[in-house]
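Structure assessment
If you want the building blocks of each chain, they are given just below.
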Amino acid sequence: MMPSKVSASNGASSRRQFLQIPAIGGAAGLLSDAMSKEAEASAPLRMADAGYDPDLVLLIDRITGGFSLSEYQYAESLGYDAYLAEQLNFETIIDANDPALQARLVDYDILPMSALEIVVAYNPMNMSFIALRQATTVQLMWHVYAKAQLYYRMFQFWNQHLNIDINSSGTQRFILWPFLRDKVLANAMGTFPDLIQASAQGSAMLYYLNNNTNVASAPNENYAREVMELHTLGVDNGYTQTDIEELARILTGWSVCLNGAGCNGGLYEYGDFRFISGNHDTGNKMLLGNFIQGQSGASGINEGIQAITILTEHPNTADYISRKLCRHFLGGINYAYDPPEDIVQMVKWTYLNSNPIGDIRAMLSVILQRDVLTNASSPKFRRPLDLTSSSLRAINADLFVSNPGFLSILSFFMDSMGMHPNFWGPPNGPFDTKTWSEGSAIPRWAYVDALSNNGITDVVSYSVTNLLSQVNATTGGTQAQGLNELLTGGRMTQKEVEAVQDFIGFGTASESRLKEALGLAMSLPTYQFI
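Thresholds applied
- Residues numbered from 1 in each chain as written.
- Predicted model: local features only at pLDDT ≥ 70, side-chain atom pairs only at ≥ 80, totals over all residues.
- Heavy atoms only, no water.
- Salt bridge = Lys/Arg side-chain N within 4 Å of Asp/Glu carboxyl O.
- Helix = DSSP H or I, 4+ residues; strand = E, 2+ residues; numbered from the N terminus.
- Phe/Tyr/Trp six-rings, centres within 6.5 Å; stacked < 30°, edge-to-face > 60°.
- Buried < 20%, exposed > 50% of the residue type's maximum accessible area, 1.4 Å probe, protein only.
- Lys NZ or Arg CZ within 6 Å of the ring centre and 35° of its normal.
- Disulfide = S-S within 2.5 Å.
- Domains from an automatic or database assignment.
- Contact = heavy atoms within 4.5 Å.
- Buried area = accessible area lost by both parts, 1.4 Å probe.
- Polar contact = N/O pair within 3.5 Å; in protein donor to acceptor, adjacent residues only side chain to side chain.
- Core = buried A, V, L, I, M, F, W, Y, C linked by side-chain atoms within 4.5 Å.
- Axes fitted to C-alpha atoms, helices over the stretch in contact; angles between N-to-C directions.
- Parallel < 35°, antiparallel > 145°, perpendicular 65-115°, else oblique.
- Left-handed = near helix turned anticlockwise from the far one by under 90°.
- Nonpolar A, V, L, I, M, F, W, Y, C, P; charged D, E, K, R; others polar.
- Expected span 1.5 Å × (residues − 1).

Some points on the pattern of salt bridges
Taken as a whole and assessed by the stated rule, the structure comprises 18 salt bridges. Across the pair E511 and K515 runs a salt bridge whose closest N-O atoms are separated by 3.4 Å. Of this pair, E511 and K515 both sit in helix α27 (residues 511-523), separated by four residues, roughly a single helical turn. The structure contains a network of salt bridges with shared partners spanning D319, R323, E341 and K348.

So, the packing of aromatic side chains
Any two aromatic rings considered together are summarised by their centre-to-centre distance and by the angle between their planes. Inspection of every chain in the model, using the stated rule, returns 19 aromatic pairs. Between Y151 and Y152, the aromatic rings sit 4.9 Å apart at their centres with planes inclined by 50°, giving tilted as the arrangement. On the basis of relative accessible area, Y151 is assigned to the buried category, the value being 8%. The interplanar angle of 90° and the centroid separation of 5.5 Å between the aromatic rings of W424 and F431 together place this pair among those described as edge-to-face. W424 sits in the buried class, given a relative accessible area of 14%. You can call F431 partly exposed: its relative accessible area is 36%. In this structure, R382 is placed above the aromatic ring of Y527, and the distance from its NZ or CZ to the ring centre is 4.0 Å. When the ring centre of F503 is taken as origin, the NZ or CZ atom of R513, which lies over that ring, is 3.9 Å away.

Quick word on the state of the cysteines
Counted by the stated rule, this structure contains one disulfide. The disulfide that involves C257 links it to C263, with 2.2 Å between the sulfurs. On the sign convention where negative means left-handed, the S-S torsion of about 90° between C257 and C263 marks this disulfide as right-handed. Residue class for C257 comes out buried when judged on its relative accessible area of 0%.

Quick look at the domain arrangement of the chain
One frequently used descriptor of interface size is the decrease in accessible area upon assembly of the parts. Segmenting the chain into domains produces domain 1 (108-128 + 153-315) and domain 2 (384-528). Taken together, the contact pairs 16 residues of domain 1 with 16 residues of domain 2. Summing both sides of the interface, domain 1 and domain 2 together bury roughly 1,300 Å²; the carbon and sulfur share of this comes to 50%. Ranking the residues of domain 1 by area buried against domain 2 places Y108, Q160 and N163 at the top, with a combined share of 39%. Our count for the domain 1 to domain 2 interface comes out at one salt bridge. The tally of links between domain 1 and domain 2 comes to seven residue pairs in polar contact (both at pLDDT 80 or more).

A short note on the environment of I360
Structurally, the position occupied by I360 is in helix α18 (residues 360-368). As a C-alpha pair, I360 and M189 span 171 residues in sequence and 5.5 Å in three-dimensional space. When near neighbours in sequence (up to four residues on either side) are disregarded, I360 contacts M154, W158, N187, A188, M189, G190, T191 and F192.

Topic: the nonpolar core
In terms of nonpolar packing, the biggest core is built from 160 residues, with M154, W158, L247, L364, L368, Y447 and V459 touching the most fellow members. With ten residues, helix α8 (residues 128-145) is the largest single contributor of residues to this core. Summarising the domain contributions, this core has at least three residues from each of domain 1 (108-128 + 153-315) and domain 2 (384-528). Apart from residues no more than four positions distant in its own chain, V459 is found in contact with L392, I395, A397, D398, L399, L410 and L451.

Considering the packing of helix α26 (residues 494-504) against α27
α27 packs onto α26 with a crossing angle of 155° between their chain directions and a minimal axis gap of 9 Å. The pairing of α26 with α27 is recorded here as roughly antiparallel in orientation. Crossing geometry of α26 relative to α27 is assigned as right-handed. On the side of α26, the interface is formed by V500, F503 and I504, while α27 contributes R513, L514, E516, A517 and L520. Classifying every residue of the contact of α26 with α27 gives six nonpolar, no polar and two charged.

Digging into unusual backbone geometry
Following N355, the chain continues to P356 via a peptide bond in cis, the omega torsion being 5°. Of note, the phi angle at N396 is positive, near 55°, even though the residue is not glycine. Along the chain, N396 turns up in the loop between α20 (384-394) and α21 (408-417).

Section: helix α23 (residues 441-452)
Taking 1.5 Å per residue, twelve residues should reach 16 Å; α23 reaches 17 Å between its end C-alpha atoms and fits that length. For α23, the buried fraction is high: eleven of the twelve residues fall into the buried class. Looking only at α23, the buried set comprises A441, P443, R444, W445, A446, Y447, V448, D449, A450, L451 and S452. Two residues or fewer past α23, N454 is found with a positive phi of approximately 55°.

Printed below as a string of structure tokens:
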């Protein structure tokens, strides 16, 4: 529960009194209503002030999950188009070209490890939770500290699209990280067909959705169903139960090596994908009206590769993925998270006509170009993971990790908000809707309250006064506008700025009062939206 606050000097009320919340149990509805009403009059939410380019602020919001002054200053030095181009051509700002991030990750030993190396290191001591925490904490570190924000944002987008619950089994704690690194991250900005082909031969995915038990004598339809329903075509979008059954037959024999000593005489090691030809149904199949010749022996794997190609080149897949990308980067409450149809069709056309087909960067280039982003986007709730990472970026947070992978308090808050990386149970991934996002109002408030008051031990203590000095806003009457600039790039409404300043007062403000004000500003509708 978010603790109540003691009133500070200047006779100003507490933050809880300011927000007029008589009982914490009713706060979710109040915040939801306030946010919705504020955002439906959305012009103020997209109005930058104090010399900030509103188009560039919007681009940063949608690429990084939320404004930070340092990111804006860097983007401004390049200009909108050059900044976007650098984010799209991310190779120049990752790995050795991002030494500050690499320095923060030096103690995370699982980063280069294979599944076998992870299980050898952590299974004998029953310490799989260390691998688990490292796998999820590294993702947060990427979002907070990386230069290549769009690259890692797309990683998280596809990670959620291809969701795997790391807690679904003890085995998953050992095999998921190589899947995330070698299948998802490696293809995050490539082509969608390559991403799905890689995923289909990813041990963590096949194990999670039971395809390792899919054999000719007893076909398991679980992965076949989800690859059409969730990964490619979309729910009930052009396939039948017969197609599911046929795809399951096609994918018989696609399996996983989970023997610590290896499989097939050492040909495969623990955690490797393997095709077991003896478990494959060699008969002919039909998928979405396409005849697939049955094949035997090692060639049987080609049926699955052909099937994935059919699915990923299908117009319904192009529509489903284009719509989901548009919702993620553009969609908001002005159109009930249903992005403008003309933009969706532009992106779909790009998917189908890019060379190679399904080029992810080409689709993003359409969505994020200035005219499209500024004219077609609508305010949307800052999703919990974005709220976490962007708020840490906004305050220049230094994360204190005493043992690699252990950010116990941040993990608690991410869990409570419902969006801790790879802690989502079902395979559908966290939702990208207004209803789901606004349902986490209480834990969202609790998080920003704790963060603003140095109540998260994972975050090194920081000074709001020092933050305000970056925008020359430490004197009486200027602090609220300074918080506006630091947190939103000037997007807060005049009413919000005035209310925060009234809360601070117009005399000398203590550091504790400024921390309260920071938490208040992060709780207000404008900050809860991007």
